[in-house]
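Structural features, examined
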Amino acid sequence: MTIPSPAYIEGVTVLSQERLTDDVYRLSVETTTGGAPGQFYMVRAWDREPLLARPISIHSVAEDTVSFLYQVRGTGTELLARLEQGGTVALTGPLGHGFRTEELRGRIAIVTGGIGIAPMFCLARTLPPGDVTVIAGFKSRPYAVAQLLDLGVDVRVATEDGSDGTRGFCTAIFDPHAYDTVVTCGPTPMMARVAQLCAETGAPCQASLEAHMACGVGACLVCSCPTVQGNQRVCADGPVFDAAEVIWHA
């Protein structure tokens, strides 16, 4: 797969903004810059403050559209949530190294927690639907699940409050023995547990990490993470890493 070179574009038009839960939104913008599953953009919808753009993974991509699924966590994402159709954003991207889809084979498990589900629709569209199971954990109300079901993938949900699916964490309903390859994205403790379970069974696991970023292109080293190969930049060396190489409890 050819990965497009990153571009910086101002005045990108907002096509739609959907509110999925109290704090989760899906933003679609008009651009032909595309991207691969697991890549991200630096997104900005303000002039001066906050200083930095926000890194947001690609949720879906079409010929002239890129969509982002994001959670409101601070000033930047609060400003993004105020965007309406016809508004504009500035984009830098696509950035980073995404999922190594050529290595995903056999029975594939996609294990996510919370907003970690964001890049998985883009990924699942590239995989054979009969081979994919999405195991998704949420605190309460699930979101972004219907799209995956429409693709024909098997979706299993766990909620911490028991309001949907199985009560508890998604790792409790993930059996690594049942899968040949695994992909994970979500809170670090969840991914660390998935990585541990995969290591015990020998299942290869790709983990998409999240980190605070400043530049998004590997120049500032703000997003460094420890690995067995030394510190790596989540933005430029990742965000997708071999889970067995990440030092989860450094």
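None of these values were measured; they are calculated from a predicted model.

Observations concerning the sheet that holds strand S8 (residues 132-138)
- Judged by pairing direction, the sheet is mixed, and its seven strands sit side by side in the order S10-S9-S8-S7-S11-S12-S15 without closing on themselves. Two strands lie at the open edges of the sheet, namely strand S10 (166-167) and strand S15 (240-242), each paired on one side alone.
- The pairing of S8 with strand S9 (residues 154-159) spans six bridges and is parallel. Pairing of Ala136 across the sheet is with Val157, part of S9.
- Across the face of the sheet, helix H4 (residues 188-201) comes into contact with strand S7 (108-113), strand S11 (181-185) and strand S12 (205-208) while running at roughly 165° to S11.

Some thoughts on the pairing of S7
- With six of its six residues buried, S7 lies for the most part within the structure.
- Covered by surrounding structure in S7 are Ile108, Ile110 and Thr112 together with Ala109, Val111 and Gly113, the residues of both alternating faces.
- Where S7 meets S11, five bridges bridge the pair, whose relative direction is parallel. Within S11, the residue paired with Ile108 across the bridge is Thr181.

A closer look at the domain arrangement of the protein
- On domain assignment, one finds that the protein holds domain 1 (7-95) and domain 2 (101-245).
- The distance between the C-alpha centroids of domain 1 and domain 2 comes to 21 Å.
- With 21 residues of domain 1 at the contact, the number on the domain 2 side is 23 residues.
- When domain 1 packs against domain 2, the two sides together hide about 1800 Å² of surface, and 67% of this comes from carbon and sulfur.
- Broken down residue by residue, the surface that domain 1 buries against domain 2 is led by Pro37, His59 and Leu69, which jointly contribute 26%.
- The tally of links between domain 1 and domain 2 comes to one salt bridge.
- A salt bridge links Arg73 to Glu210, with the nearest nitrogen and oxygen atoms 2.7 Å apart.
- Taken together, the links from domain 1 to domain 2 amount to six residue pairs in polar contact (both at pLDDT 80 or more).
- Elements supplying a minimum of two residues to the side of domain 1 that touches domain 2: strand S2 (24-30), strand S3 (40-44), strand S4 (54-62) and strand S5 (65-71).

Describing unusual backbone geometry
- In the segment running from Gly93 into Pro94, the intervening peptide bond is cis, with an omega of 0°.
- By secondary structure assignment, the location of Pro94 is in strand S6 (residues 88-95).
- Despite not being glycine, Ala144 shows a phi value in the positive range, around 60°.
- Tracing the sequence through the fold places Ala144 in the loop between S8 and helix H3 (146-150).
- Here Leu221, not a glycine, exhibits a phi torsion of approximately 65°, which is positive.

Some details on the side chain of Arg26
- By secondary structure assignment, the location of Arg26 is in strand S2.
- Looking at Arg26, the relative accessible area reads 12%, which means it is buried.
- At 3.5 Å, the side chain of Arg26 and the side chain of His59 are in polar contact.
- Polar side-chain contacts of Arg26 include one of 2.7 Å to the side chain of Gln147.
- Other than its neighbours up to four places away in sequence, Arg26 contacts Ser16, Gln17, Glu18, Leu20, His59, Phe68, Leu69 and Gln147.

Re the layout of surface pockets
- Taken as a whole, the largest pocket encloses approximately 1200 Å³ of empty space.
- Together, 49 residues line the largest pocket, and Gln71, Arg73, Ile115, Gly116 and Glu210 are the ones closest to its centre.
- Among the elements of the structure, S4, S5, helix H1 (75-81) and S8 are those that each provide at least two residues to the lining of the largest pocket.
- In terms of residues, the lining of the largest pocket owes the most to one element, S4, which gives four residues.
- Of the residues assigned to the lining of the largest pocket, the class counts are 23 nonpolar, 18 polar and eight charged.
- When residues of the lining of the largest pocket are sorted by domain, at least three fall in each of domain 1 (7-95) and domain 2 (101-245).

Basis of the calculations
Residues numbered from 1 in each chain as written. Predicted model: local features only at pLDDT ≥ 70, side-chain atom pairs only at ≥ 80, totals over all residues. Heavy atoms only, no water. Pairing = 2+ DSSP bridges. Helix = DSSP H or I, 4+ residues; strand = E, 2+ residues; numbered from the N terminus. Contact = heavy atoms within 4.5 Å. Axes fitted to C-alpha atoms, helices over the stretch in contact; angles between N-to-C directions. Buried < 20%, exposed > 50% of the residue type's maximum accessible area, 1.4 Å probe, protein only. Domains from an automatic or database assignment. Buried area = accessible area lost by both parts, 1.4 Å probe. Salt bridge = Lys/Arg side-chain N within 4 Å of Asp/Glu carboxyl O. Polar contact = N/O pair within 3.5 Å; in protein donor to acceptor, adjacent residues only side chain to side chain. 1 Å grid on protein atoms, 1.4 Å probe; cavity = no way out; pocket = protein on both sides within 12 Å on 5 of 7 lines; lining within 4 Å. Points joined across faces, edges and corners; volume = space filled by probe spheres on them. Nonpolar A, V, L, I, M, F, W, Y, C, P; charged D, E, K, R; others polar.

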